[in-house]
Amino acid sequence: QVQLEESGGGLVQAGGSLRLSCSVSGRMFSRTTMGWFRQAPGKERDFVAAITGSGGVPYYVDSVKGRFTISRDNAKSTVSLQMNSLKPEDTAVYFCAADRRDRGYGRSDFYDYWGPGTQVTVSS
């Protein structure tokens with residue numbers, strides 16, 4: 001049984017920053033790929049960033065490279081997403097997800113567990 005819960009969402013002005021965190025309960029966190037996805041109103045859920053358990057290798061969608069940073073703390077079983085220089089187009093519900101097979105991909109169907117999501121709203 002694996003449970004995920006996001007925190008840190010909110011309302012921010014364009015150009016501002018937010019830090020999202022995801023707490024994970026369950027075994028073998030250190031060997032699990034953790035990902036962040038987002039879904040804007042009227043759009044499909046899209047990949048944002050991921051970090052592998054083995055090696056801690058990060059991956060990002062092109063639109064957030066240089067602005068977002070994903071990190072993990074295996075001792076605390078948490079993964080974070082530092083979001084800087086936020087834009088209105090970043091507005092979405094952000095979801096934390098876990099791939100227990102540690103494949104390191106951004107495909108949503110590769111992830112086994114999902115958090116309930118946290119709202120990020122960036123005003124212009």
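The structure this text deals with has already been given above.
What counts and what doesn't
- Residues numbered from 1 in each chain as written.
- Predicted model: local features only at pLDDT ≥ 70, side-chain atom pairs only at ≥ 80, totals over all residues.
- Heavy atoms only, no water.
- Phe/Tyr/Trp six-rings, centres within 6.5 Å; stacked < 30°, edge-to-face > 60°.
- Helix = DSSP H or I, 4+ residues; strand = E, 2+ residues; numbered from the N terminus.
- Buried < 20%, exposed > 50% of the residue type's maximum accessible area, 1.4 Å probe, protein only.
- Pairing = 2+ DSSP bridges.
- Axes fitted to C-alpha atoms, helices over the stretch in contact; angles between N-to-C directions.
- Polar contact = N/O pair within 3.5 Å; in protein donor to acceptor, adjacent residues only side chain to side chain.

Asks: Give me the lowdown on the packing of aromatic side chains, citing residues and values where you can.
Replies: The final tally for this structure, using the stated rule, is five aromatic pairs. Between the aromatic rings of F37 and Y111, the centroid separation amounts to 5.1 Å while the plane-to-plane angle is 80°, which identifies the pairing as edge-to-face. Note that F37 is positioned in strand β4 (residues 33-39) and Y111 in the loop between β9 (92-99) and β10 (113-114), a separation of 74 residues in sequence. Residue F37 is classed as buried on the basis of its relative accessible area, which comes to 0%.

Asks: Tell me about the sheet that holds strand β1 (residues 3-7), residues and numbers included.
Replies: Ordered by their spatial adjacency, four strands build an open sheet running β1-β3-β8-β7, and the pairing between neighbours is antiparallel. With partners counted over all chains shown, the strands left at the sheet margins are β1 and β7 (68-73), one partner each. Across this sheet, the average inter-strand angle for adjacent strands is 15°, counted without regard to direction. Alignment of strand β3 (residues 18-25) against strand β8 (residues 78-83), held across six bridges, turns out to be antiparallel.

Asks: Would you mind going over unusual backbone geometry in detail, with residue names and values included?
Replies: Of note in the backbone geometry, S77 takes a positive phi value of approximately 55° without being a glycine. Counting through the fold element by element, S77 comes out in the loop between β7 and β8. Not every positive phi belongs to a glycine, and S85 is a case in point at roughly 50°. Residue placement: S85 occurs in the loop between β8 and β9.

Asks: Requested: an account of the environment of N74, with residues and values cited.
Replies: Turning to its location among the elements, N74 is positioned in the loop between β7 and β8. C-alpha of N74 to C-alpha of M28: the two residues are 46 residues apart in sequence and 9.6 Å apart in space. Here R72 takes part through its side chain, which lies 2.9 Å from a polar atom of the side chain of N74.

Treat this as a map of the structure, not an account of what it does.
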